[in-house]
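Below are the chains, spelled out letter by letter.
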Amino acid sequence: MFPFRIPIKDWISNGVDYLVSEYAAVFDAFSALVYFLVDNFKDGMLALHPLALIIVIAAITLKMAGWRVALFAVLGLLLSENIGLWSAFVETLALVLTAELLVMVVGLPVGVLAARKDGFHSVVRPVLDFMQTMPAFVYLIPAVMFFGLGLVPGVVATFVFALPPLIRLTNLGIRQVPKELVEAADAFGATGSQKLFKVQIPVAMPTIMAGVNQSIMLGLSMVVIAAMIGAGGLGEDVLRGIQRLQVGQGFEAGLVVVIMAIILDRITAGFGEQDSAT
Amino acid sequence: MSEIITVRNLYKIFGDNPKKAIQALKEGKSKDEILREYKQIVGVQDINFSVRQGEIFVLMGLSGSGKSTLQRLINRLHEPTSGEIVINGTDIVKLSQNDLREFRRKNFCGMVFQNFAILPHRNVLGNVEFGLELQGVEKEKRQEKARKIIKLVGLEGNEDNYPSQLSGGMQQRVGLARGLAVDADIMLMDEAFSALDPLIRRQMQDELLELQARMKKTILFVTHDLDEAFRLGDRIAIMKDGLIVQVGTAEEIISKPADEYVRTFVEDMDRSAVLTAGTIMLPVKEKAFTGDGPRTILRKIRRHGLSGIFLTDSKRYLKGYIKAKELAEFVEKNKKKEDLKMDKSLVHEAASVERDMPLNEVINVYQEADFGPIAVIDDEQRLDGVIVRGAIIAALSEGYEIDPDNGEPEQASDDEQKPDDQEKSGDAKKSGDAKKSEQ
């Protein structure tokens, strides 16, 4: 139909090549940061006796989600230890926590900005659509080219996938703050930052926490895909199970992912509820 | 009373071409035409009014009349399109954003909203101290102030409760307290009681009036409820299509509506809550004096065809009420007695009301008085006028216009001459007499 073809593939390939060759230092620095975070989380948690860590997690769960979930956490974590997946569990938890930390550092300000500036919001929205729907494998390849195989592209892939819900819900939460509350703050002579930190963010907090919760859940769903490029952890065990047709082994690792997901979900959901209840 | 807010030639147009819209308004086009032809929404137009220090000024109108827009222009939550808003001598339209913020802190007690707009994540104390916190008042000082105000609005003991634990009325008290905690003159209240159920609303209105008597803020109160406007407002501005149609006291508006719109508007109004005994009373045609004998009194009664007569002393102090029928029987029974004196049993306690009692309460008294005439007395218990059935019915009927002058008592002169009328032995101590008013 057309006498020419729009060379999107060339633009992307060339662009990635250009970035890899010209900005290697930036990517290296980022890699170092991610390794630093993941290693610290992991080493910190592994330094504790499994039982000690279980007690810590159970205590947090008890506070945020009640004794039933705490009991579930204790049993689930003991099971993970029993079937020999404890270090994989800790590794995956470190990866998810690192990705979530990065998600919050980027997502909260972007979400707040999107809520305040309609122009920025209209730019951000299609980018978020892109991040959520573009198949993960498509950006795994450039991620590997930028950061090499291993943990970092795994964290990046998780980050890309988990970021949109936090931005969306932060934006939504702040936009949903009743107009009168903002007017009231204005009427009392609030400055822009007073309005943001004393009214908008606290009032939007339940919605923002729902965003954190959703992004953690989505991050966990990336665990197996991240393992394909060598991110390690539970995903690797699942993958090995699939590749070797060891159904039982794959199932065990998958089960531990679910246990982790439930614990993290209830804890973060508890944050949101606490805020709205008080 | 000095004027604290003065608004001149204020316009607010929502849309991208306000100049054209103002031009069209000046050419006499209507709000609807401007919306149709230019796609510009007229918020308010050609607004001129002033609010006096310490009064409750009510902006009253139906939804879409521009009352809330006008209120938000006063503290510039909406940017005026043109015009002046002078508050405490400063034209706030000209202030920069920073100066405006400072100005709001110094001059406005924030705002009180229909849906309360208090912060759900803060407890009562945290909400009440909010305004002071924004101003950077140190914690101890602002909490001390907040506790004082919480006590004032009757929320003592609820300092640590969160809004979700409070009833609507209590939440609005928090909203009120949040405003009062700030040391400023002007309080803006936007449909503040409209979300409350009628009993609580009534109670809050009373409390507001009580607080106002003590705090003496200048309150700009927006409402769509005419009863509320008339109850609270020292003066009321009635708005329609972004214009102020009439400004005046409740009685001015109800007795002299500026145009057909206001007239139909106030027709639906519960007139009995606005009109007072002083407005509907009639002058005293005839009264009995404490020195009058029974026959004299009976003559007075018959001369005017009365059913009874109020009794006063020579200084107009109300002493009682005498029924025509009883008096006639008494005179008949004692026909032969030459020097007949008034009998105590003939003098009943007079039903009386003060001049500023609203008509709906007067009606209660009227009922208790067995629908006989009611005396209107001044602060010192002196007889000022009378209220009879005809006056009550006339005042309540729609379309009836009360001429406030009509209610003025005219008997001052009356008073002087009557004492001479006294019958022979004026010393009859308790002989009374009454004067009554017609009906």
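Basis of the calculations
- In this numbering scheme, every chain counts its residues from 1 along its sequence in written order.
- Chains and ligands are labelled sequentially in the order written, the chains with letters from A and the ligands with numbers from 1.
- Local features are withheld for residues below a pLDDT of 70 in this predicted model, meaning they are given only at 70 or higher, and side-chain atom pairs are given and counted only at 80 or more; totals for whole chains, interfaces and linings count all residues.
- Per-residue confidence from the predictor is given as pLDDT, running between 0 and 100.
- Remark: residues whose backbone-derived C-beta atoms lie within 7 Å of one another are considered to be in contact.
- Any two strands with at least two DSSP bridges between them are considered paired.
- The numbering of helices and of strands both runs from the N terminus, where a helix is a DSSP run of H or I of at least 4 residues and a strand a run of E of at least 2.
- Every angle, taken between N-to-C directions, lies between 0 and 180 degrees, and every axis is a line fitted to C-alpha atoms, over only the stretch in contact when it is a helix.
- Residue ranges for the domains originate in an automatic or database domain assignment.
- These descriptions rest on fixed angle ranges, namely under 35 degrees for roughly parallel, over 145 for roughly antiparallel, 65 to 115 for roughly perpendicular, and the rest for oblique.
- Each helix crossing is assigned a hand: it is left-handed if the near helix lies turned anticlockwise from the far helix by less than a right angle, otherwise right-handed if that turn is clockwise.
- Here the nonpolar group is Ala, Val, Leu, Ile, Met, Phe, Trp, Tyr, Cys and Pro; Asp, Glu, Lys and Arg are the charged ones; every other residue, Gly included, is treated as polar.

1. Focus: the confidence of the model for chain B
All names here are of chain B.
No. 1: Taken as a whole, chain B shows an average pLDDT of 84; of its residues, 90% reach a score of 70 or greater.
No. 2: Confidence drops under pLDDT 50 across residues 402-439; counting only partners more than four residues distant or on other chains, this segment forms 108 contacts.
No. 3: Listed scores for the predicted complex are pTM 0.73 and ipTM 0.77.

2. Some remarks on the sheet that holds strand 16 (residues 374-377) of chain B
Residue and element names in this part refer to chain B.
No. 1: Spatial ordering of the open sheet is given by 15-16-17, a layout of three strands whose pairing is mixed. Each end of this open sheet is capped by a strand with a single partner; those strands are strand 15 (352-354) and strand 17 (383-387). With direction set aside, neighbouring strand axes in the sheet form an average angle of 35 degrees.
No. 2: Bridge count for strand 15 against strand 16 is three bridges, and the pairing is parallel. The residue bridging Glu354 from the neighbouring strand is Ile377, located in strand 16.

3. So, the domain arrangement of chain B
How large an interface is tends to be reported as the accessible area lost when its parts come together.
No. 1: By the assigned domains, chain B splits into domain 1 (3-118 + 185-269) and domain 2 (278-421).
No. 2: Just the C-alpha atoms count here: the centres of domain 1 of chain B and domain 2 of chain B sit 44 Å apart.

4. With respect to the sheet that holds strand 4 (residues 82-87) of chain B
Residue and element names in this part refer to chain B.
No. 1: Taken in spatial order, the four strands of this open sheet run 2-1-4-5, and their pairing is antiparallel. Strands at the two margins of the open sheet, each flanked by one partner only, are strand 2 (41-52) and strand 5 (90-91).
No. 2: Contacting strand 1 (3-14), strand 2 and strand 4, helix 3 (residues 67-74) runs over the sheet at an angle of about 60 degrees to strand 2.

5. Looking at the environment of B:Asn360
Residue and element names in this part refer to chain B.
No. 1: Topologically, Asn360 is positioned in helix 17 (residues 359-368).
No. 2: With 127 residues separating them along the chain, Asn360 and Gly233 place their C-alpha atoms 18 Å apart.
No. 3: Not counting residues within four places of it along the chain, the set of residues in contact with Asn360 comprises Ser272 and Ala273.

6. With respect to the packing of helix 15 (residues 294-304) of chain B against helix 16 (residues 324-333) of chain B
All names here are of chain B.
No. 1: Interhelical geometry of helix 15 versus helix 16 gives an angle of 135 degrees and a closest axis separation of 10 Å. One finds that helix 15 runs oblique with respect to helix 16. Of the two elements, helix 15 crosses helix 16, and the hand of that crossing is left-handed. Of helix 16, the residues touching helix 15 (which contributes Pro294, Arg295, Ile297, Leu298 and Ile301) are Ala324, Leu327, Ala328, Phe330 and Val331.
No. 2: The residue inventory of the contact of helix 15 with helix 16, partitioned by class, reads nine nonpolar, no polar and one charged.

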